[in-house]
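Read off the chains here:
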Amino acid sequence: MTRTPVNVTVTGAAGQIGYALLFRIASGHLLGPDVPVNLRLLEITPALKAAEGTAMELDDCAFPLLRSIEITDDANVAFDGANVALLVGARPRTKGMERGDLLAANGGIFKPQGKAINDNAADDIKVLVVGNPANTNALIAQASAPDVPAERFTAMTRLDHNRALTQLAKKTGTTVSDIKRLTIWGNHSATQYPDIFHAEIAGKNAAEVVNDQQWLADEFIPTVAKRGAAIIEARGASSAASAANAAIDHVHTWVNGTAEGDWTSMGIPSDGSYGVPEGLISSFPVTVKDGQYSIVQGLDINEFSRARIDASVKELAEERDAVRELGLI
Ligand SMILES: NC(=O)c1ccc[n+]([C@@H]2O[C@H](COP(=O)([O-])OP(=O)(O)OC[C@H]3O[C@@H](n4cnc5c(N)ncnc54)[C@H](O)[C@@H]3O)[C@@H](O)[C@H]2O)c1
Ligand SMILES: O=C(O)C[C@H](O)C(=O)O
């Protein structure tokens, strides 16, 4: 049976992440090996030519699943009929720049894009915000899209999740496939909390396997939480291929589900679970089935975890208050 193509909109298509992302979407890694896609690329006017260059390369790959490419600087055109939207285009953080500085710069991007999604996207639209500060940018876009169910706006913490998997596998001499039920809580920022207390390594409790509280507090958590800054320091630019890979993972899981017995981390609107104020877009442990995610309930949160979750959620609440002051939500 021939499947109807899925419309995938990517903003910031001419940027670094865009370049690492588009070829994987077109080759079937985002939605599956039998799902054709129409790509819609949104860029600012001066970057349209570069986006056209990328589109020429996409054509030259002769991807069987790629049905069409449209390039535009008009958000209403880009989101027309969109089923999946990857909001990547943003002002990237550069050396020495604080995340707070990004709020105002990025609000001007995500407010109109949220409205364009509201007015033009397909009824089943799923939105992933990658552009930083991702959680709060997602909140801004969501606030401008009152007709879209709030839970369709998500923010990316899958890169943090993947980073944590690798650090834990290295420490324990295992592989990432041995690890299940790891969680990133809170904000995609240095306050995020990678939690191994409920994680399992080859069926055993990860915190017990590690059995090294000092490593957990002084190495693992800071390494994962500050990895983005470390990459910027080393490359002189923010992570691109790993961020694109995580965006693929996030949407693939959202569409195709989590594996039995495992969960993933997604930045999603809080329903008040685990004391996270309702409405904040915060990272939680989630399972996904039939395209719907649910927060994993009933986990015991110890004192160590509670303090760290609370600190990251406090930062999210401050970011929300700041964008509220700016009239962005
Ligand atoms: N959530 C995460 O885990 C994560 C990880 C890495 C990077 N990021 C963030 O992703 C974003 C993009 O990173 P990058 O390295 O691709 O940056 P980049 O500067 O290479 O590309 C950004 C692109 O966005 C475009 N753009 C700017 N305003 C736009 C608008 N209004 N509409 C459409 N396009 C617009 C720019 O022209 C540029 O081509 C940054 O905010 C970065 O901090 C997030
Ligand atoms: O762009 C950044 O600030 C870093 C990025 O979010 C990352 O985690 O690599």
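No experiment lies behind these values; they were computed from the predicted model shown. (Residues numbered from 1 in each chain as written. Chains lettered and ligands numbered in written order. Predicted model: local features only at pLDDT ≥ 70, side-chain atom pairs only at ≥ 80, totals over all residues. Heavy atoms only, no water.)

### Quick notes on the side chain of Asn 135
And then number 1: With respect to the helices and strands, Asn 135 occurs in helix α5 (residues 134–143).
And then number 2: A distance of 2.8 Å separates a polar atom in the side chain of Asn 135 from the backbone oxygen of Ile 281.
And then number 3: Sequence-distant contacts of Asn 135, that is, excluding residues within four places in its chain, are made with Ala 155, Gly 186, Asn 187, His 188, Ile 281, Ser 282, Ser 283 and Leu 316. (Helix = DSSP H or I, 4+ residues; strand = E, 2+ residues; numbered from the N terminus. Polar contact = N/O pair within 3.5 Å; in protein donor to acceptor, adjacent residues only side chain to side chain. Contact = heavy atoms within 4.5 Å.)

### Observations concerning the site of ligand 1
And then number 1: Taken together, 25 residues form the shell around ligand 1, and within it Gln 16, Ile 17, Glu 43, Val 130 and Asn 132 come nearest.
And then number 2: Take Gly 15: an N or O atom from its main chain is 3.3 Å from an oxygen atom of ligand 1.
And then number 3: Interatomic distance of 3.2 Å between a side-chain N/O atom of Gln 113 and a nitrogen atom of ligand 1.
And then number 4: In the complex, the protein chains occlude 87% of the 870 Å² of accessible area that ligand 1 would expose alone. (Near = heavy atom within 4 Å. Areas by Shrake-Rupley, 256 points an atom, 1.4 Å probe, with all protein chains shown as cover.)

### A short note on the packing of aromatic side chains
And then number 1: Applying the stated criterion across every chain yields a total of seven aromatic pairs.
And then number 2: With a centroid separation of 5.4 Å and an interplanar angle of 70°, the aromatic rings of Tyr 19 and Phe 23 are classed as edge-to-face. Separated by four residues within a single helix, Tyr 19 and Phe 23 lie in helix α1 (residues 16–26), roughly one turn from each other.
And then number 3: Judged by relative accessible area, Tyr 19 falls into the partly exposed class, the value being 41%.
And then number 4: On the accessibility criterion, Phe 23 (16% relative accessible area) is buried.
And then number 5: Judged by centre distance (6.1 Å) and plane angle (70°), the ring pair of Trp 185 and Phe 284 falls under edge-to-face. (Phe/Tyr/Trp six-rings, centres within 6.5 Å; stacked < 30°, edge-to-face > 60°. Buried < 20%, exposed > 50% of the residue type's maximum accessible area, 1.4 Å probe, protein only.)

### Looking at the nonpolar core
And then number 1: Judged by nonpolar contacts, the single largest core of 39 residues is most densely connected at Leu 168, Leu 182, Ile 196, Phe 220 and Phe 284.
And then number 2: Going through the elements one at a time, α6 (158–172), β8 (183–185), α7 (206–210), α8 (213–225), β12 (264–269), β13 (281–289), β14 (292–295) and α11 (303–325) are the ones with two or more residues in this core.
And then number 3: Not counting chain neighbours up to four residues away, the residues in contact with Ile 196 comprise Leu 168, Leu 182, Ala 206, Ala 207, Val 210, Leu 216 and Phe 220.
And then number 4: Formed by 33 residues, the second largest nonpolar core is a distinct cluster that contains Val 6, Leu 30, Leu 31 and Leu 128. (Core = buried A, V, L, I, M, F, W, Y, C linked by side-chain atoms within 4.5 Å.)

### Looking at the pattern of salt bridges
And then number 1: Scanning the model with the defined rule gives nine salt bridges in all.
And then number 2: The closest approach of N and O atoms between Asp 34 and Arg 3, which form a salt bridge, is 3.9 Å. Taken as a pair, Asp 34 in the loop between α1 and β2 (37–42) and Arg 3 in the segment before β1 (6–11) lie far apart in primary sequence, 31 residues in all.
And then number 3: With relative accessibility at 47%, the residue Asp 34 sits in the partly exposed group. (Salt bridge = Lys/Arg side-chain N within 4 Å of Asp/Glu carboxyl O.)

### So, the UniProt feature "active site" (unreviewed entry) in the protein
And then number 1: Listed under "active site" (unreviewed entry) in the UniProt record, and renumbered for this structure, are His 188.
And then number 2: Structurally, His 188 can be placed in the loop between β8 and β9 (193–195).
And then number 3: For His 188, a relative accessible area of 14% puts it in the buried group. (UniProt positions renumbered as here; feature names shortened; annotations may be inferred.)

### Examining unusual backbone geometry
And then number 1: With an omega dihedral of -5°, the bond running from Asn 132 to Pro 133 counts as a cis peptide bond.
And then number 2: Secondary-structure assignment places Pro 133 in the loop between β5 (126–129) and α5.
And then number 3: Phi at Arg 181 takes a positive value of approximately 60°, unusual for a residue other than glycine.
And then number 4: Among the structural elements, Arg 181 can be located in the loop between β7 (179–180) and β8.
And then number 5: In this structure, Asp 290 is a non-glycine residue whose phi angle is positive, near 50°.
And then number 6: Looking at the secondary structure, you find Asp 290 in the loop between β13 and β14.

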